[in-house]
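Architecture and fold: a report
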Amino acid sequence: MLTVIINAFQGIKNILPTSNGQLSNICLRIHDFYEKVNQTQHQSPKKSLRVAVEELGNKTIETSVAVINDLEQIAQNHVQYHWIIMGILTTFIRENAPYIPQEKLTSNLSTKLRVDIQAALTVIARRDVNKDPENEQLDLSHTDIRGANLNRANLKQTNLYQANLAGANLTEANLAGAILSAANLEGTNLYLANLEGAILSAASLKEANLEGANLHCASLYLAGLNGAVLNNAILDGANLREAKFSE
């Protein structure tokens, strides 16, 4: 168990902007959680999954981070639960980081992304996509994930409709075929991102960094591109009809 806690500690430290006090608290929660999991370690993965889901309903962020770490392990070790767990994590994000329609989308980055939301996004981003079923789609629509770190994330064909990704790091991310209609991508770093065939209709890309991005056959109809960096971007076949390049 000590190895698991140390590995989890290092992983969290690398991906999440937490203080030493928060890290210590999270690791204590991980220890408590794994004590509970160890009580069911000889049971089926299905029962272990049930324990994790029940704990994910706990309202403490520290417990959620510990559970998310365990869910990733179950997904890696038991292929039959891989997509179920991705669905659990996307639902968790939608319910805990919702875009509120009454509030106008904003590029304000003062709202810090919760560490458990970032942890769930990280697991989704680095999942083994070979285990994804065909013709299925991750649903992160209507989420407020401003400032998320999704560097090199694999979000191919993900539904990000009306998601607020302002200021997010999507450097070299794979967003081929993703649905980003009406999404807020203001100030987002999309350097060398793959957006081939992505739907960006009416999306706001104000001051976004699209340098070297692949926008082949992407739909940018009515998209706001004022101030966006498009140096060396691949735009052949892209639909730029009524795209706005200035205020």
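In short, a report on the structure. Remember, predicted model here, so these are calculated numbers, not experimental data.

Conventions and cut-offs
- All residue numbers refer to position in the chain's written sequence, counted from 1.
- Given that the model is predicted, a residue must reach a pLDDT of at least 70 before its local features are reported, and side-chain atom pairs must reach 80 or more before they are shown or counted; all residues, however, enter totals for whole chains, interfaces and linings.
- Computation of side-chain values covers all heavy atoms of the structure but excludes hydrogens and water.
- Numbered from the N terminus, helices here are DSSP runs of H or I no shorter than four residues, and strands are runs of E no shorter than two.
- Contacts: residue pairs with any heavy atoms within 4.5 Å of one another.
- Whether a residue is buried, partly exposed or exposed follows from its accessible area with a 1.4 Å probe, protein chains only, as a fraction of its type maximum: under 20%, in between, or over 50%, in that order.
- In these notes, a set of buried Ala, Val, Leu, Ile, Met, Phe, Trp, Tyr and Cys residues joined through side-chain atoms within 4.5 Å is what counts as a nonpolar core.
- Axis lines are fitted to C-alpha atoms, over the contacting stretch for helices. Their N-to-C directions set the angle, which ranges from 0 to 180 degrees.
- Any angle from 65 to 115 degrees is called roughly perpendicular, while one under 35 is roughly parallel, one over 145 is roughly antiparallel, and all others are oblique.
- Under this grouping Gly is polar, as are all residues other than the nonpolar Ala, Val, Leu, Ile, Met, Phe, Trp, Tyr, Cys and Pro and the charged Asp, Glu, Lys and Arg.
- Take a side-chain nitrogen of Lys or Arg and a carboxyl oxygen of Asp or Glu: if they are within 4 Å of each other, that pair is a salt bridge.
- Crossing handedness follows the turn of the near helix against the far one: under a right angle anticlockwise gives a left-handed crossing, and clockwise gives a right-handed one.

For the rest of this paragraph, the subject is the environment of Ile74. Assignment of secondary structure puts Ile74 in helix 4 (residues 61-77). For the pair formed by Ile74 and Pro45, sequence separation is 29 residues and the distance between their alpha carbons is 7.2 Å. When near neighbours in sequence (up to four residues on either side) are disregarded, Ile74 contacts Ser48, Leu49, Tyr81 and Ile85.

The subject of this paragraph is unusual backbone geometry. Residues other than glycine seldom take positive phi values, yet Cys217 does so here, at roughly 60 degrees. Mapped onto the elements of the fold, Cys217 is located in the segment after helix 6 (115-125). Residue Cys217 is classed as partly exposed on the basis of its relative accessible area, which comes to 43%. For Asn232, which is not glycine, the phi torsion reads 60 degrees and is therefore positive. In this structure, Asn232 sits in the segment after helix 6.

In this structure, Leu200 and Leu205 are the most contacted members of the largest nonpolar core, which totals 59 residues. When residues of this core are traced back to their parent elements, those giving at least two are helix 3 (45-56), helix 4, helix 5 (82-96) and helix 6. The element that contributes the greatest number of residues to this core is helix 6, accounting for seven residues.

With that settled, consider the environment of Leu56. For Leu56, the position within the fold is in helix 3. Residues Leu56 and Leu89 lie 33 residues apart in sequence; the distance between their C-alpha atoms is 9.6 Å. Not counting chain neighbours up to four residues away, the residues in contact with Leu56 comprise Ser64, Val67, Ile68, Leu71, Ile88 and Phe92.

Here we take up the packing of helix 3 against helix 5. Interaxial distance between helix 3 and helix 5 falls to 12 Å at its minimum, and their mutual angle equals 5 degrees. Put simply, helix 3 runs roughly parallel to helix 5. Touching Leu49, Val53 and Leu56 of helix 3 are Ile84, Ile85, Ile88 and Phe92, all from helix 5. Counted by class, the contact of helix 3 with helix 5 contains seven nonpolar, no polar and no charged residues.

Before going further, it helps to spend a moment on the pattern of salt bridges. Per the stated rule, a full pass over the model turns up seven salt bridges. A salt bridge links Arg146 to Asp144; the shortest N-O distance between them is 2.7 Å. For Arg146, a relative accessible area of 11% translates into the label buried.

Turning our attention to the packing of helix 5 against helix 6. Interaxial distance between helix 5 and helix 6 falls to 10 Å at its minimum, and their mutual angle equals 145 degrees. Along this stretch, helix 5 crosses helix 6, giving a crossing that reads as left-handed. Residue-level contacts link Met86, Leu89, Thr90, Phe92, Ile93 and Asn96 of helix 5 to Asp116, Ile117, Ala120, Leu121, Val123 and Ile124 of helix 6.

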